[in-house]
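Structural features, examined
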Amino acid sequence: MDQSERILVNEEVVKKNKLWPNFIKAKLGFRNHWYPVMFGKEIEEGKPVKAMLCGENLLLNRIDGKVYAIKDRCLHRGVAFSKKPECYTKETITCWYHAWTYRWDDGSLCDIMTDPKSDMIGKHRLKTYTAQEAKGLVFIFLGDIEPTPLINDVPPGFLDEGRAIRGIKREVGSNWRIAAENGFDSTHVFIHKDSKLIPNNETVIPLGFATDREEEAKGTLWEVVNNEDGPKGVYDNIGQHAVPVVEGKVDGETVLRPVIGGDKRIANQISIWMPGALKVDPFPDPSLIQFEWYVPRDENSHWYIQTLGKEVANEAEEQEFEKDFNEKWEDWGLRGFNDDDIWAREAMEEFYKDDWGWIKEQLFEPDGNIVAWRQLASEANRGVQTLEDL
Amino acid sequence: MDQSERILVNEEVVKKNKLWPNFIKAKLGFRNHWYPVMFGKEIEEGKPVKAMLCGENLLLNRIDGKVYAIKDRCLHRGVAFSKKPECYTKETITCWYHAWTYRWDDGSLCDIMTDPKSDMIGKHRLKTYTAQEAKGLVFIFLGDIEPTPLINDVPPGFLDEGRAIRGIKREVGSNWRIAAENGFDSTHVFIHKDSKLIPNNETVIPLGFATDREEEAKGTLWEVVNNEDGPKGVYDNIGQHAVPVVEGKVDGETVLRPVIGGDKRIANQISIWMPGALKVDPFPDPSLIQFEWYVPRDENSHWYIQTLGKEVANEAEEQEFEKDFNEKWEDWGLRGFNDDDIWAREAMEEFYKDDWGWIKEQLFEPDGNIVAWRQLASEANRGVQTLEDL
Amino acid sequence: MDQSERILVNEEVVKKNKLWPNFIKAKLGFRNHWYPVMFGKEIEEGKPVKAMLCGENLLLNRIDGKVYAIKDRCLHRGVAFSKKPECYTKETITCWYHAWTYRWDDGSLCDIMTDPKSDMIGKHRLKTYTAQEAKGLVFIFLGDIEPTPLINDVPPGFLDEGRAIRGIKREVGSNWRIAAENGFDSTHVFIHKDSKLIPNNETVIPLGFATDREEEAKGTLWEVVNNEDGPKGVYDNIGQHAVPVVEGKVDGETVLRPVIGGDKRIANQISIWMPGALKVDPFPDPSLIQFEWYVPRDENSHWYIQTLGKEVANEAEEQEFEKDFNEKWEDWGLRGFNDDDIWAREAMEEFYKDDWGWIKEQLFEPDGNIVAWRQLASEANRGVQTLEDL
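Residues numbered from 1 in each chain as written. Chains lettered and ligands numbered in written order. Predicted model: local features only at pLDDT ≥ 70, side-chain atom pairs only at ≥ 80, totals over all residues. Heavy atoms only, no water.

With an unreviewed UniProt entry as reference, chain A is termed Carbazole dioxygenase subunit, source organism Cycloclasticus pugetii.

Take a look at the structure:
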């Protein structure tokens, strides 16, 4: 299928929606935003590794400790450097095919070994991407403008001094928007009712939230943050302004009660942030905050980057956190609990992948925060990724 | 690929054909007809099972012995109930995602456990399908009108009292129309010339039928049944009005003779019935009738539901039939003989899947009954299934 | 996807290119040319074998030593004879489905065993293809006109008397044009720098060629042969008119030197010939010439037919050549050396498969011979294969 005729998003669907058209268009995510693509420890000095972000193929490398990123496609015949990376000097990469050689820092074509007299040398430049490491993650600014401050594209508090971060990364088979909505969805707690996290960590989660029309009318169920400066996002306040459901009823009869593992209270405040990150505070323990990203990979998959943050006063506390992370939190939370989210996203993908799901779906009262997020994302993004950008 | 731009049938091909346009359109089968989707024994009490019919995803359940069928897609976010069926009362199913709860009988949204105060409750209704069990098969009326009598959508005699039915079900990789034509095709007997059924059951089948122009002109080679009431179908009379071929000749020389296993006569009368069922009387033995369905699954596959019927006077005779079915008829007939039909259909699929096969094919005299079937199906159906119906 | 709406080549891309439009269109190769499809030894007497050429399905057979080729698709219901070839006489093939019987030599429908009285007999004709064996290869003339002399569609010298030919055939996952360009590409030698052929056969190959603007201006770097009669092709003269690169430099520092296995000189003259064959003279040894074809299979794959030719004076010398071929040349050259070309082609496919690669690529000075080839192929072909031809 050729690219000009390959259609990313159904135009008819975009036209039918008046409220968040750019959200529908953003199947491949947003441009001019920071996205985490991997953990810093995944990139060793002088060993290029590839990454896919918003449909673009990137190649990352670490040089004297600093991370650099270039487009993983030679200008000459379009092959991927990553098929056989050849770096003859620390600062350059040479295409395995015809030895076009580029600088990692600015993408300039500095040499062509197979024809050192070529006039092309010095006249061409490969696309490069600004990379920044923070809290153990490698962020890439995917775009065409001067990079914005990273702090505006991560959930509040993530970069705080004294906050130790640990996490894992997975590829999941759904569009990133499906994933973001699953995470921010107040009533999807229903799928976690049997999670081993509940007994293991002596906690409790409700089956849902009984919304009240009066409360809803007051507009208190969510709060949009869309300031000129700083991260843009939406807070879900349903936990504070609606009654938690503790009895599942059908035809007036109670048929289901949530498991109660103990009295630890978690997930008091949930918020979602551009370009696609969730903050669950606290989670999965009163002492922790979960920050997670739904990073567009291609149309039908995303990188699920899950991290936990803990305030630590010194190295010894950070070591203890790492021990707990390895022994409990990864197993109970990031896997045990969130594995259910993963299959829920994959189950949703079928309905939304032809775009018509955005029209055919029938949202209900607790989904108000999701709609607010769609509107914010549609309006506050710095650009939508298109096929022409690839 | 999105649905609005996904094309089911090539319009250019439909326009080129003046005689049976709706048959070409019916790639996903017909609406407002009864189709068998599985055997009754495949549905246990209170254990939902999924089925695909004419491109639609259904979920079936048995409640107090009676079979119910609903669309396998929650109205809220479009996920399939079948990913994790949760039934908290006998009469309802609860979506695993947000606990929207529907009644099996009328599809009404009777509760939402995650928000029991939602205004959606009682205001929405899931698509349901009328189900009817007969002779061990579960039939679904796929459509929008009041179900017609089942007897009008099955081959004559199938529902007769005293007729015991046994059978098997298989998924086959061809469009249902290819399968139906293979079954009703007079001269496809050629592919069965080496079948083990012939020696095992002491029978004989010819290599083909030598048609006579005079006989053909009289219009006796097939007979269309298209009455207001009752099943609509076509009888193939070529066996009665054309000479069976018992010598295969090339350039005047006999190069092939049919295997003669004995003198049992089978397949005397073959007929095809809307919406897509074949009756071969008798087959594979003078004491049996084969009734088989080619049920549309999706564009490129069908359920091949094969049954044998035998008149029995009492339970003991039915037990004996079951014994023979298990020991002989399934092995010699439904598998040994019909397995050749299965690969023939799959071999035809390639040529017809882009619709152009219907134009490029070159039919010959014995195919008259097939053309009559196409015309009947094009005119006598109660609706054509389209992508919008999914 | 239906054929009428299936798009072979992006029209927008074709329009953007003014210089070699037919080359862009020729995704499935050219019509009215001779292509080798297999080795003669692959076709035994009376044992039909299938082949795919330029998207068409063919069936080949050997009768009394001579090779015949027909379209592998019955006129009646479009099935492939090759699913179960049935030949009841030496000169005919009978379709396994309804016993339509065709002559191998002219494709005429001479009998229908299932209805020997059919009026179709003698009135229809299957597509046949002229086949010719030469040097152990079976060539097919794929087209509609009177076959041209084979000698005009093979590299000069290939058919010479006294030249023994041995070779192998492989299916490779790239379009044939990508393969042809990889073979004719002067500077792709860079990928062979570590080939075991170099030390094993005591030879040397440079890293590339330093082009000179004056030499380039003189137009000596390649030479087009486009005579009315005889093969049409392009000679690459870069080896004679540009300085071989023997030091790979980055930022003025030598970072790479070619391996020097010995002083045997190979690949002195490289030329490409319509409809898609390469001649490397000598290769992989001063005593041998490599002739290889990139035969269109379908849009995304080609047959890579690799042969070596050696002048022999008698049978004993041919036997010795065969021994060397089996012990050395196949292993060191056709596999050891050319395996790198195979993965390079597959790596290029991604960029060109949507046609936009032909626009987005950035060629450099040594690619002049490739551009000359594209222009020749665009102008000198006898027709472009289209979807309608299938």
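**A closer look at the overall build of chain A**
Of regular secondary structure, chain A possesses 10 helices and 20 strands. Taken against the 2.2 N^0.38 rule, which gives 21 Å for 390 residues, the C-alpha radius of gyration of chain A at 23 Å falls within 12% of a compact globule. Dimensions along the principal axes, computed over C-alpha positions, put chain A at roughly 85 × 55 × 35 Å. For chain A, the proportion of contacts with a sequence separation of at least 24, taken over those separated by at least 6, is 62%. (Helix = DSSP H or I, 4+ residues; strand = E, 2+ residues; numbered from the N terminus. Rg over C-alpha atoms; globule rule 2.2 N^0.38 Å. Contact = heavy atoms within 4.5 Å.)

**A few points about the relation of the copies chain B and chain A**
You can overlay chain B on chain A at an RMSD of 0.0 Å; the transform is a turn of 120° with a shift of 0.1 Å along its axis. The transformation just described matches what one would write down for a three-fold rotation axis. (Least-squares fit on C-alpha atoms with pLDDT ≥ 70 in both.)

**Things to note about the packing of helix 3 (residues 176-184) of chain C against helix 8 (residues 339-352) of chain C**
Residue and element names in this part refer to chain C. Where helix 3 meets helix 8, the closest approach of the two axes is 9 Å, and the angle between their N-to-C directions is 130°. When the interaxial angle is binned, helix 3 and helix 8 end up oblique. The handedness of the crossing between helix 3 and helix 8 comes out as right-handed. When helix 3 is examined against helix 8, the residues Ile178, Ala179 and Asn182 are found in contact with a partner set consisting of Asp341, Ala344, Arg345, Met348, Glu349 and Tyr352. Broken down by class, the residue content of the contact of helix 3 with helix 8 amounts to five nonpolar, one polar and three charged. (Axes fitted to C-alpha atoms, helices over the stretch in contact; angles between N-to-C directions. Parallel < 35°, antiparallel > 145°, perpendicular 65-115°, else oblique. Left-handed = near helix turned anticlockwise from the far one by under 90°. Nonpolar A, V, L, I, M, F, W, Y, C, P; charged D, E, K, R; others polar.)

**A look at the domain arrangement of chain A**
Think of interface size as the accessible area that goes away when the parts come together; that is how it is often given. Residues and elements named next belong to chain A. If you check the domain split of chain A, you get domain 1 (36-134) and domain 2 (148-389). Computed over C-alpha atoms only, the centres of domain 1 and domain 2 are separated by 35 Å. Contacts between the two partners involve 13 residues from domain 1, matched on the other side by 16 residues from domain 2. Both sides together, the interface formed by domain 1 and domain 2 hides about 1200 Å², and carbon and sulfur atoms give 61% of it. Contact with domain 2 buries area across many residues of domain 1, yet Pro36, Phe39 and Met52 alone supply 46% of it, more than any other trio. (Domains from an automatic or database assignment. Buried area = accessible area lost by both parts, 1.4 Å probe.)

**Details of the interface of chain C and chain B**
Between chain C and chain B, the residue contacts involve 39 residues of the former and 46 residues of the latter. A buried area of about 3400 Å², summed over both sides, lies between chain C and chain B, and 53% of it is on carbon and sulfur atoms. Among the residues chain C hides against chain B, the three largest losses belong to Arg77(C), Tyr97(C) and Met113(C). Together they make up 22% of the total. For the pair chain C and chain B, the interface holds six salt bridges. (Salt bridge = Lys/Arg side-chain N within 4 Å of Asp/Glu carboxyl O.)

**Concerning the UniProt feature "domain: Rieske" (unreviewed entry) in chain A**
What UniProt calls "domain: Rieske" (unreviewed entry) maps, in this numbering, to residues 34-140 of chain A. Across residues 34-140 of chain A, the secondary structure splits into 0% helix and 44% strand, with the terminal C-alpha atoms separated by 5 Å. (UniProt positions renumbered as here; feature names shortened; annotations may be inferred.)

**Things to note about the sheet that holds strand 6 (residues 100-103) of chain B**
Residue and element names in this part refer to chain B. Spatially, three strands are ordered 5-6-7 in an open sheet, and the strand pairing comes out antiparallel. Looking along the sheet, the strands with just one partner apiece sit at the ends: strand 5 (92-94) and strand 7 (109-112). With strand direction ignored, the average angle separating the axes of adjacent strands in the sheet is 25°. (Pairing = 2+ DSSP bridges.)

**Focus on the sheet that holds strand 6 (residues 100-103) of chain C**
Residues and elements named next belong to chain C. An order of 5-6-7 is seen for the three strands of this open sheet, with the pairing classed as antiparallel. Looking along the sheet, the strands with just one partner apiece sit at the ends: strand 5 (92-94) and strand 7 (109-112). Pairs of neighbouring strands in the sheet enclose a mean axial angle of 25°, with direction left out of account.

**Looking at unusual backbone geometry**
Keep in mind that most residues, glycine aside, have a negative phi and that most peptide bonds are trans. In this structure, the amide linkage connecting Met274(B) to the following residue, Pro275(B), adopts the cis form with an omega of 0°. The residue Pro275(B) is located in the loop between strand 17 (269-273) and strand 18 (277-281) in this model. A cis amide bond links Phe283(C) with the next residue in sequence, Pro284(C), at an omega value of -10°. Its place among the elements puts Pro284(C) in the loop between strand 18 (277-281) and strand 19 (289-298). Unlike most non-glycine residues, Ala99(C) shows phi in positive territory, near 65°. By relative accessible area, Ala99(C) is classed as buried at 0%. (Buried < 20%, exposed > 50% of the residue type's maximum accessible area, 1.4 Å probe, protein only.)

**Considering the pattern of salt bridges**
Counted according to the given criterion, the structure contains 114 salt bridges over all chains. For the salt bridge of Glu181(B) with Arg374(B), the shortest nitrogen-to-oxygen distance reads 2.6 Å. Pair noted here: Glu181(B) is in helix 3 (residues 176-184) and Arg374(B) is in helix 10 (residues 368-380), with a separation of 193 residues, a long-range link. Each member of the pair, Glu181(B) as well as Arg374(B), is classed as buried. Three or more residues joined by partner-sharing salt bridges are found here, namely Arg31(A), Glu56(A), Lys71(A), Lys127(A), Asp144(A) and Asp389(A).

**As for the side chain of Thr92(C)**
Here Thr92(C) shows up in strand 5. Classification of Thr92(C) by relative accessible area gives buried; the value is 0%. A polar side-chain atom of Thr92(C) sits 2.6 Å from a polar atom in the side chain of Thr89(C). If near-sequence neighbours (up to four positions away) are discounted, Thr92(C) is found in contact with Val250(B), Cys87(C), Thr101(C), Tyr102(C), Arg103(C), Trp104(C) and Cys110(C). (Polar contact = N/O pair within 3.5 Å; in protein donor to acceptor, adjacent residues only side chain to side chain.)

**Thoughts on helix 7 (residues 315-337) of chain C**
Residues and elements named next belong to chain C. Taking 1.5 Å per residue, 23 residues should reach 33 Å; helix 7 reaches only 28 Å between its end C-alpha atoms and comes up short. Every buried residue of helix 7 is listed here: Phe321, Phe325, Trp329, Glu330, Trp332, Gly333, Leu334 and Phe337. Here the buried face of helix 7 lies against strand 10 (163-172), helix 4 (197-200), strand 19, strand 20 (301-311) and helix 8. Looking at where helix 7 begins, the residue whose side-chain oxygen comes 3.2 Å from the main-chain nitrogen of Ala316 is Asn314. (Expected span 1.5 Å × (residues − 1).)

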